[in-house]
Amino acid sequence: MGLPQSLVEGYRRFVRDRHAPERGRYIQLAELGQAPTAMVIACCDARVDVSAIFDAGPGELFILRNVANLVPPYEPEGRFHGTSAAVEYAALVLKVPHIIVLGHSHCGGIAAYRERLKGNANGNSFIARWLTLLDGLELRESDVSRHSQETAFELAGIRQSLANLRSFPALQEREAAGLLALHGLHFDIASGEVIALDDNGERFAALAA
Ligand SMILES: [Zn+2]
């Protein structure tokens, strides 16, 4: 089976409408390397189009996507830490000044975690193991009172990922030195609304549009 025709045609449009007009920018990026504005840790969900949400062009965002936008805690003895490797590279090599955890509405990963809480466990799959990163998740009163239960879980997941980012000693140091800021955002697919965690980590409020 070949590549879907829609993708082949999409690539043609990319070459013609995007790459060709911005050739200079792409050549510069190729020669000088990347210096992204931020790292974004988002979900694999096909509906969360990170570059579109931020209207970002090539070279602007260092994007990592995994199921439910999770970050494991700092585990130097662990194996195959793809997410931690990307975080390390962004913070220590690229020295990004911002890391954004971007959650979203209708997250299947968070929903699967909630199913497991109800006792509908799903064995030893990779995804079940991955979602144990959410074990012990505690909902915040400030989230529950302002958002739906479903959203409150998604927000708690974002808070958990931020806490785990802060378990990386190098990130702690950069944040304390004012060289790195961590942000928690949540994207609502249907309305397009993005809410952001305030600087005190207290509550999520609409990002000024
Ligand atoms: Zn998701």
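Just above sits the structure.
Caption draft 1: How the structure looks around the packing of aromatic side chains. This model, assessed by the stated rule, comprises four aromatic pairs. Taking the centre distance of 6.2 Å and the plane angle of 90° together, the rings of Phe14 and Tyr26 count as edge-to-face. Highlighted residues: Phe14 in helix H1 (residues 5-19) and Tyr26 in helix H2 (residues 23-32), separated in sequence by 12 residues. Three or more aromatic residues link up through ring pairs in this structure, and these residues are Tyr11, Phe14 and Tyr26.

Caption draft 2: Structural detail: the coordination of the zinc ion. For the zinc ion, the full set of protein donor atoms is Cys43 (SG), His104 (NE2) and Cys107 (SG), at a range of 2.0 to 2.3 Å. The sequence pattern describing where the donors of the zinc ion fall on their chain is C-x60-H-x2-C.

Caption draft 3: Layout of a nonpolar patch on the surface. Among the surface-exposed residues, Tyr89, Leu92 and Val93 lie close enough to one another that they form a single nonpolar patch of about 260 Å² accessible area. For Tyr89, a relative accessible area of 37% puts it in the partly exposed group.

Caption draft 4: Region of interest: the sheet that holds strand S4 (residues 181-187). On the basis of which strands lie adjacent, the open sheet formed by six strands has the order S2-S1-S3-S4-S5-S6 and mixed pairing. Single-partner strands in this sheet number two, and they are strand S2 (61-66) and strand S6 (204-206). Taking the axes of each pair of neighbouring strands and ignoring which way they run, one obtains an average angle of 25° across the sheet. One ladder, built from three bridges, connects strand S5 (residues 194-197) with S6; its direction is antiparallel. When the bridges of S6 are listed, Leu197 appears paired with Phe204. Here helix H4 (residues 82-93) sits on the sheet and contacts strand S1 (38-43) and S2; the angle it forms with S2, its principal contact strand, is near 165°. Most of the contacts of helix H8 (residues 149-165) go to S4, to which it runs at about 160°, and overall it touches S1, strand S3 (98-104), S4, S5 and S6.

Cut-offs and rules
All chains use their own residue numbering, which begins from 1 and follows the written sequence. Given that this is a predicted model, residues contribute local features only at a pLDDT of at least 70 and side-chain atom pairs are listed and counted only at 80 or more, while totals for whole chains, interfaces and linings are drawn from all residues. Values shown for side chains rest on all heavy atoms present in the structure; no hydrogens or waters enter the calculation. The rule is short: rings of Phe, Tyr and Trp, with Trp giving its six-membered ring, pair when the centres are within 6.5 Å, and they are stacked under 30 degrees, edge-to-face over 60, tilted in between. Strands here are runs of E lasting at least two residues and helices are runs of H or I lasting at least four, both read from the DSSP assignment and numbered beginning at the N terminus. Each metal's donors are the N, O and S atoms within 2.8 Å of it, or within 3.2 Å when it is Na, K or Ca, and because water is not part of the set, sites may look incomplete. The patches described consist of residues with a relative accessible area above 30% and no salt bridge, like charges being joined within 9 Å and nonpolar side chains (Val, Leu, Ile, Met, Phe, Trp, Tyr) within 5 Å. The protein chains shown are the only cover counted for residues, whose accessible areas, like all others here, come from Shrake-Rupley with a 1.4 Å probe. By convention in these notes, a salt bridge is any Lys or Arg side-chain nitrogen within 4 Å of a carboxyl oxygen on Asp or Glu. Type-normalised accessible area, obtained with a 1.4 Å probe on protein chains alone, sets the label of each residue: buried when under 20%, exposed when over 50%, and partly exposed for intermediate values. Pairing between strands requires that DSSP locate at least two bridges from one strand to the other. Here the axes come from fitting lines to C-alpha atoms, over the contacting stretch only for helices, and the angles between their N-to-C directions go from 0 to 180 degrees. The contact criterion used is simple: two residues touch if any of their non-hydrogen atoms lie within 4.5 Å.

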